[in-house]
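Observations on the three-dimensional arrangement
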2 protein chains.
Amino acid sequence: MIKKTSLKDIAQLVGVSTTLVSYVLNNQKINRINKQVAQKIREVAKSLNYQPNQIAKSLKTNRTYTIGLVVSDISNPFSSSLARIVEDEADTHNYTVLFGSSDEKLPKAQKLITTLLNRQVDGLLIAPPEGIEPQLAELQQQGTPFVLLDRYFPELKTNYVALDNYKAIHKAVQHLIDSGYRRIGLITFQTSLITLLDRKQGYLSALKDNRIPVRKTWVKELGIGSIEADVRKAVTDLTTGARPVDALLFASNTLALYGLQQLNALHLSVPEQVAVVSIDQAESYNLFQTPITYIKQPLLEMGQLATKILLDAIKKNNTITQANLEGELVIHESTRAVDRVTKLT
Amino acid sequence: MIKKTSLKDIAQLVGVSTTLVSYVLNNQKINRINKQVAQKIREVAKSLNYQPNQIAKSLKTNRTYTIGLVVSDISNPFSSSLARIVEDEADTHNYTVLFGSSDEKLPKAQKLITTLLNRQVDGLLIAPPEGIEPQLAELQQQGTPFVLLDRYFPELKTNYVALDNYKAIHKAVQHLIDSGYRRIGLITFQTSLITLLDRKQGYLSALKDNRIPVRKTWVKELGIGSIEADVRKAVTDLTTGARPVDALLFASNTLALYGLQQLNALHLSVPEQVAVVSIDQAESYNLFQTPITYIKQPLLEMGQLATKILLDAIKKNNTITQANLEGELVIHESTRAVDRVTKLT
DNA sequence: CTGAAAGCGCTTACAG
DNA sequence: CTGAAAGCGCTTACAG
């Protein structure tokens, strides 16, 4: 690697101190620097194609202009869409993004956070897995700026930006009921994350509000592990028993992706035999036989807001911001009201 | 932010020099250091929860253990899948990944590369847009390690890892022909990138090899811009004219995604009315009415190999590695041989 | 208007 | 077996 030009090189060539070069190239105290000298410095810097060493700058200023992004899996469309939004928003403020995937595993997430902090990121954007609370509390104590994304912990007073899950799901279930569906199945993950608890709660209370008794068998809570197989089984169980459900609610895009495949495999028509609602859009839903009704997460707003809150926090704004954004129910063909007679065939 | 503990803090507490602390914590010259002292240093480091400042280390060692990843758009499944693989492979070697999206735009890509280099990344993984050649040549001249991903420039002698596009598409078209299809449309991008030129070439020569005259109208080369609308129009044009094609080949996953939607909209059945092959898999194809035959890019191999080559290059290995990996044709229902009579209905 | 000097938190060749 | 010291490439308070 050829040696890059440094401030010193420029200083020597122009015959001034590095101090001056630094001031000029950073546009500081520019009003009391000799115009000619400044001009000359700029010229030489340009001709040598000077690029500041951000690392050296960081060591001195304690700012890296880098933020860390911890997602569950960057290859998941939810994460990667968010990553793109964060990237763009960060870029506006001259920040760069270092990322990592936790796979929802606590040790991985912990290690990731430590690694990113050793890299001296100025702050963190975290989609936290279960059990990370103690480490978050520690970050908070150390004064490390961070914002939680998508999930949060009610017992922790931290910045976060998430969907108003309760309301979103309540709305979705109400819509199903309004369209004439009564036997509504929910496929979700088994977890203590507030996100999914709220989703379940929204489902339960929407049923209750409409005086529809809930059946335990309608709710399938899957463990992590063999997700695809589990979803397929859950869909089969719910749709092909003696008293099948007439509508299915998927609590995440991954669940929906596999669930829809299974509906295809079972040759069930949507919504005639079973209506479908998914939380989280995915471009791919458009390939399905029937356009899917889904809860649209305000990803753009989530990503931008979270990034802004983080950058504010980095600038020593000490307020705590907690946002539960409203999801939009996008109604498509998959929840069309279906004639009861037809439906029972 | 509370001050983090530094080497100096530990040194003072233990009553030794920072030199010694550094050696111990980095396991260097450990055989000639007093065991007791070493032990004590480790204890204190632990009790103070010492975390090395990677930035300071980097300034001295000229190694950041960070690589830059320039993709076209991190929210595209191709990019994000690759990003995940790169992340994992990099992590194995204690490297972290800084990423950015170029949107296939030259100025964005240039700025990104500069930014990443100012961050002193040890090397770059780049999915290069058209026109970036001069900057790549410059990087090469400066001795900055980099590996091109997915695309490359024949006139530039650089490391790269890409698909053997010519062969892959040739194979796909041959398969269509073997299944009885003769009027094969290609939907691709208008570009000078070798990747897509090779794909087109593979298509043309497969037809030629089978003595099928090529019609210009069968090849749709779309500009960047309103991709979705253009794809939809291209699909409509190709499938609904007086002499429609009997098979469609999509040259990228984005093209296929929109194209399949349009086939749905046109109520065309696959493969009865038109067969479909796509380059690049996407989990989402599984939602389509008919499972899609596609060319499977060896993403895992691509990402891992590219990362390994880069890390080798960073370690001053001066060989140049160029890999054109073979794609696998995964045959599904969408290219099933269809009875000619049925097909013409 | 300009520069010498200290210092950010590390590493490491060198001396003892 | 251990430490003083230089230095990585910057920034910036201070002096003049």
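Residues numbered from 1 in each chain as written. Chains lettered and ligands numbered in written order. Predicted model: local features only at pLDDT ≥ 70, side-chain atom pairs only at ≥ 80, totals over all residues.

1. Considerations on unusual backbone geometry
Let me state the cut-off plainly: Strands are runs of DSSP state E lasting at least 2 residues, helices are runs of H or I lasting at least 4, and numbering of each runs from the N terminus.
A cis amide bond, omega 5 degrees, links Val270 of chain A with the succeeding residue Pro271 of chain A. Secondary-structure assignment places Pro271 of chain A in the loop between helix H11 (253–265) and strand E9 (275–279). Even without a glycine there, the phi angle at Tyr65 of chain B is positive, about 55 degrees. Locating Tyr65 of chain B in the fold gives a position in the loop between helix H4 (54–61) and strand E1 (66–71).

2. Describing the sheet that holds strand E12 (residues 328–330) of chain B
Residues and elements named next belong to chain B. Formally: A strand pair is defined by DSSP finding two or more bridges across the two strands. Axis geometry follows a simple rule: fit a line to the C-alpha atoms, using only the stretch in contact for helices, then measure angles between N-to-C directions, giving values from 0 to 180 degrees. Working definition of a contact: two residues with C-beta atoms, positioned from the backbone, lying within 7 Å.
With mixed pairing, the six strands of this open sheet are ordered in space as E7-E6-E8-E9-E10-E12. Since the sheet does not close on itself, it has two edges, and those belong to strand E7 (219–222) and E12, each with one partner. Geometrically, the sheet is characterised by an average inter-axis angle of 15 degrees between neighbouring strands, direction not taken into account. Across four bridges, strand E6 (residues 184–189) lies against E7 in parallel orientation. Within E7, the position partnered with Leu186 by the bridge is Val219. The sheet strands contacting helix H9 (residues 194–209) are E6, strand E8 (247–250) and strand E9 (275–279), and the helix crosses E6 at an angle near 170 degrees.

3. A look at the environment of Asp91 of chain A
Residue position: Asp91 of chain A is located in helix H5 (residues 77–92). Through-space distance from the C-alpha of Asp91 of chain A to that of Thr66 of chain A is 9.8 Å; in sequence the pair is 25 residues apart.

4. Observations concerning the interface of chain A and chain B
Operational definition: Under this grouping Gly is polar, as are all residues other than the nonpolar Ala, Val, Leu, Ile, Met, Phe, Trp, Tyr, Cys and Pro and the charged Asp, Glu, Lys and Arg.
With 47 residues of chain A in contact, the opposing surface of chain B contributes 47 residues. For the side of chain A that touches chain B, the secondary-structure elements that each account for two or more residues are helix H4 (54–61), H5, strand E2 (96–101), helix H6 (106–118) and H11 of chain A. Split into classes, the residues belonging to the side of chain A that touches chain B amount to 19 nonpolar, 23 polar and five charged. Pairing geometry for E2 of chain A and strand E2 (residues 96–101) of chain B, over three bridges, is antiparallel. Each bridged residue has a counterpart across the sheet, and for Leu98 of chain A the counterpart in E2 of chain B is Leu98 of chain B.

5. Some thoughts on the protein's contact with DNA strand C
The criterion, for reference: Using a C-beta atom placed from the backbone for every residue, we mark a residue as near a molecule or strand if that atom lies within 6 Å of it.
Taken together, 25 residues form the shell around DNA strand C, and within it Ser17 and Asn34 of chain A together with Leu7, Ser22 and Ala56 of chain B come nearest. Put simply, the parts of the chain that give the surface near DNA strand C at least two residues each are helix H2 (18–25) and H4 of chain A together with helix H2 (18–25) and H4 of chain B. Ranked by the residues each element gives to the surface near DNA strand C, the list is headed by H4 of chain B, at five residues. A per-class count over the surface near DNA strand C returns ten nonpolar, ten polar and five charged.

6. Topic: the protein's contact with DNA strand D
In the vicinity of DNA strand D lie 25 residues, with Leu7, Ser22 and Ala56 of chain A together with Ser17 and Asn34 of chain B positioned nearest. Sorting the residues of the surface near DNA strand D by element identifies H2 and H4 of chain A together with H2 and H4 of chain B as the ones contributing at least two each. With five residues, the single largest contributor to the surface near DNA strand D is H4 of chain A. Of the residues contributing to the surface near DNA strand D, the split by class is ten nonpolar, ten polar and five charged.

7. With respect to the domain arrangement of chain A
How we decide: Source of the domain bounds: an automatic or database domain assignment.
For chain A, the domain assignment lists domain 1 (7–52), domain 2 (64–161 + 299–325) and domain 3 (165–298 + 329–344). Look at where the C-alpha atoms of domain 1 of chain A and domain 2 of chain A centre, and you get two points 37 Å apart.

8. Concerning helix H12 (residues 299–314) of chain B
Residues and elements named next belong to chain B. Note the following rule: A helix is expected to span 1.5 Å multiplied by its residue count minus one. Each residue is classified by how many other C-beta atoms fall within 10 Å of its C-beta atom, where C-beta atoms are placed from the backbone; a count of 20 or more means buried, 12 or fewer means exposed, and values in between mean partly exposed.
With 16 residues, H12 extends 22 Å between its outermost C-alpha atoms, agreeing within 8% with the 22 Å of an ideal straight helix rising 1.5 Å per residue. Here H12 has its buried residues at Leu299, Met302, Gly303, Leu305, Ala306, Thr307, Ile309, Leu310, Leu311, Ala313 and Ile314. The secondary structure elements touched by the buried residues of H12 are E1, helix H5 (77–92), strand E3 (123–126), strand E4 (146–149), strand E5 (160–163) and strand E11 (322–325). Of the residues trailing H12, Lys316 is marked for its positive phi of about 75 degrees.

9. Points about the nonpolar core
Counted only if it meets this: We define a nonpolar core as a collection of buried residues of the types Ala, Val, Leu, Ile, Met, Phe, Trp, Tyr and Cys that are connected via C-beta atoms lying within 7 Å of each other.
Within the largest apolar cluster, 180 residues are counted, with the highest numbers of intra-cluster contacts made by Leu249 of chain A together with Leu249 of chain B. Discounting chain neighbours no more than four positions away, the residues touching Leu249 of chain A are Ala172, Val173, Ile184, Gly185, Leu186, Tyr203 and Val277 of chain A.

10. Thoughts on the relation of the copies chain A and chain B
Using the following cut-off: In superposing the copies, a least-squares fit is computed on C-alpha atoms, taking residues whose pLDDT is at least 70 in both.
Mapping chain A onto chain B leaves a residual RMSD of 0.0 Å; the transformation is a rotation of 180 degrees accompanied by 0.0 Å of translation along its axis. These values place the two chain copies in the arrangement generated by a two-fold rotation axis. Most of the interface of chain A is mirrored in chain B: 100% of its interface residues are interface residues there too.

11. What to know about the packing of helix H10 (residues 227–240) of chain A against H11 of chain A
All names here are of chain A. The criterion, for reference: Under this scheme an angle from 65 to 115 degrees is roughly perpendicular, one under 35 degrees roughly parallel, and one over 145 degrees roughly antiparallel; angles in between are oblique. Less than a right angle of anticlockwise turn of the near helix away from the far helix marks a crossing as left-handed, whereas a clockwise turn marks it as right-handed.
Relative orientation of the contacting elements H10 and H11 amounts to 55 degrees, with a least axis distance of 9 Å. When the interaxial angle is binned, H10 and H11 end up oblique. In this structure, the crossing between H10 and H11 has a hand that is right-handed. Contacts from Ile227, Glu228, Val231, Arg232, Val235 and Thr236 of H10 reach H11 at Thr254, Leu255, Tyr258, Gly259, Gln262 and Leu263.

12. Regarding the packing of helix H1 (residues 7–14) of chain B against helix H3 (residues 35–47) of chain B
Residue and element names in this part refer to chain B. One can describe the packing of H1 onto H3 by two numbers: an axis separation of 10 Å at closest approach and a directional angle of 125 degrees. Looking at the two axes, H1 sits oblique to H3. The two elements H1 and H3 cross, and the hand of that crossing is right-handed. Contacts between H1 and H3 pair Ile10, Leu13 and Val14 from the former with Lys40, Ile41, Val44 and Ala45 from the latter. In the contact of H1 with H3, the residues fall into six nonpolar, no polar and one charged.

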